[in-house]
Amino acid sequence: MEKNIFEKIRDKESDADIVFKNEYVTAFKDIYPCAPIHILIIPNKMIRSLNDVEKDDAIYLANILISAKEIAEKFNIDKSGYRLITNCGKDGGQEVQYLHFHLVGGVSLGRMIGLPKNSQKIFKEF
Ligand code: 5GP
């Protein structure tokens, strides 16, 4: 089966601005940044989404969180703050079918991002 774009970036078969790599994770700049700092962090093991994570994958998830902290320090947003997001499935807005975490910062991100306009109504009916 053909590799998807993040597998190719992980294996250095496609260009990306890689900012961090170790045995467990690869991190690179998002090609369409939505904030001054927008880094994608992926496990080096192909996992499709958060739904596909298994207990044995804990070392990958731990490395994602620890590398997020280190990358935030590297880009000087550790003190100002940042957000770490993973989109899962259709409603979550996941476009690339390879588990990834968006590390975004460098600007005040507000309370939440990307909620639909009628979200308050949906919550009331829940
Ligand atoms: P998702 O919507 O799946 O959570 O996010 C996918 C992200 O991957 C998007 O922010 C998109 O800009 C980014 N992306 C898609 N293709 C490429 C690519 O070829 N290179 C890089 N660096 N980022 C990509």
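You'll find the structure just up there.
Residues numbered from 1 in each chain as written. Predicted model: local features only at pLDDT ≥ 70, side-chain atom pairs only at ≥ 80, totals over all residues. Heavy atoms only, no water.

Thoughts on the side chain of N4
- Among the structural elements, N4 can be located in the segment before α1 (5-10).
- For N4, a relative accessible area of 19% gives the class buried.
- Separated by 3.1 Å, the side chain of N4 and the backbone nitrogen of F6 make a polar contact.
- There is a polar contact of 3.2 Å between the side chain of N4 and the backbone oxygen of Q97.
- With residues up to four places along the chain from it excluded, the contact list for N4 reads M46, V96, Q97 and Y98. (Helix = DSSP H or I, 4+ residues; strand = E, 2+ residues; numbered from the N terminus. Buried < 20%, exposed > 50% of the residue type's maximum accessible area, 1.4 Å probe, protein only. Polar contact = N/O pair within 3.5 Å; in protein donor to acceptor, adjacent residues only side chain to side chain. Contact = heavy atoms within 4.5 Å.)

What to know about the nonpolar core
- Of all hydrophobic cores here, the largest spans 15 residues; its most connected members are V19, A27, I39, I41, I64, I71 and L103.
- Elements represented by at least two residues in this core include exactly β2 (25-29), β3 (37-43), α2 (58-74) and β5 (101-105).
- Excluding its chain neighbours within four sequence positions, the residues that come into contact with L103 are I37, H38, I39, I41, A68, I71, A72, Y82, R83 and L84. (Core = buried A, V, L, I, M, F, W, Y, C linked by side-chain atoms within 4.5 Å.)

So, the environment of K12
- Relative to the assigned elements, K12 resides in the loop between α1 and β1 (18-21).
- Residue K12 is classed as exposed on the basis of its relative accessible area, which comes to 60%.
- Those residues in contact with K12 that sit more than four places away from it in its chain are I18 and K21.

Quick word on the sheet that holds β3
- The antiparallel open sheet is built from 5 strands, whose spatial order is β1-β2-β3-β5-β4. Only two strands of the sheet have a single partner each, and these edge strands are β1 and β4 (82-85). Strand-to-strand, the axes of this sheet are offset by a mean angle of 20 degrees, without reference to chain direction.
- The sheet strands contacting α2 are β1, β2, β3, β4 and β5, and the helix crosses β3 at an angle near 155 degrees. (Pairing = 2+ DSSP bridges. Axes fitted to C-alpha atoms, helices over the stretch in contact; angles between N-to-C directions.)

Concerning the site of the ligand
- Taken together, 16 residues sit near the ligand, with K29, D30, N87, E95 and H100 positioned nearest.
- N87 is positioned such that a nitrogen or oxygen atom in its side chain is 2.8 Å from an oxygen atom of the ligand.
- Here G93 contributes a backbone N or O atom positioned 2.9 Å from an oxygen atom of the ligand.
- Here the ligand, which alone exposes 520 Å², has 84% of that area covered by the protein.
- Its atoms largely coinciding with the cavity grid, the ligand occupies the largest pocket.
- Listed by contribution, the elements that provide at least two residues to the shell around the ligand are α1 and β2.
- At 3 residues, the largest contribution of residues to the shell around the ligand is made by α1.
- By residue class, the composition of the shell around the ligand is 8 nonpolar, 5 polar and 3 charged. (Near = heavy atom within 4 Å. Areas by Shrake-Rupley, 256 points an atom, 1.4 Å probe, with all protein chains shown as cover. 1 Å grid on protein atoms, 1.4 Å probe; cavity = no way out; pocket = protein on both sides within 12 Å on 5 of 7 lines; lining within 4 Å. Sits in = over half its atoms within 2 Å of the grid points. Nonpolar A, V, L, I, M, F, W, Y, C, P; charged D, E, K, R; others polar.)

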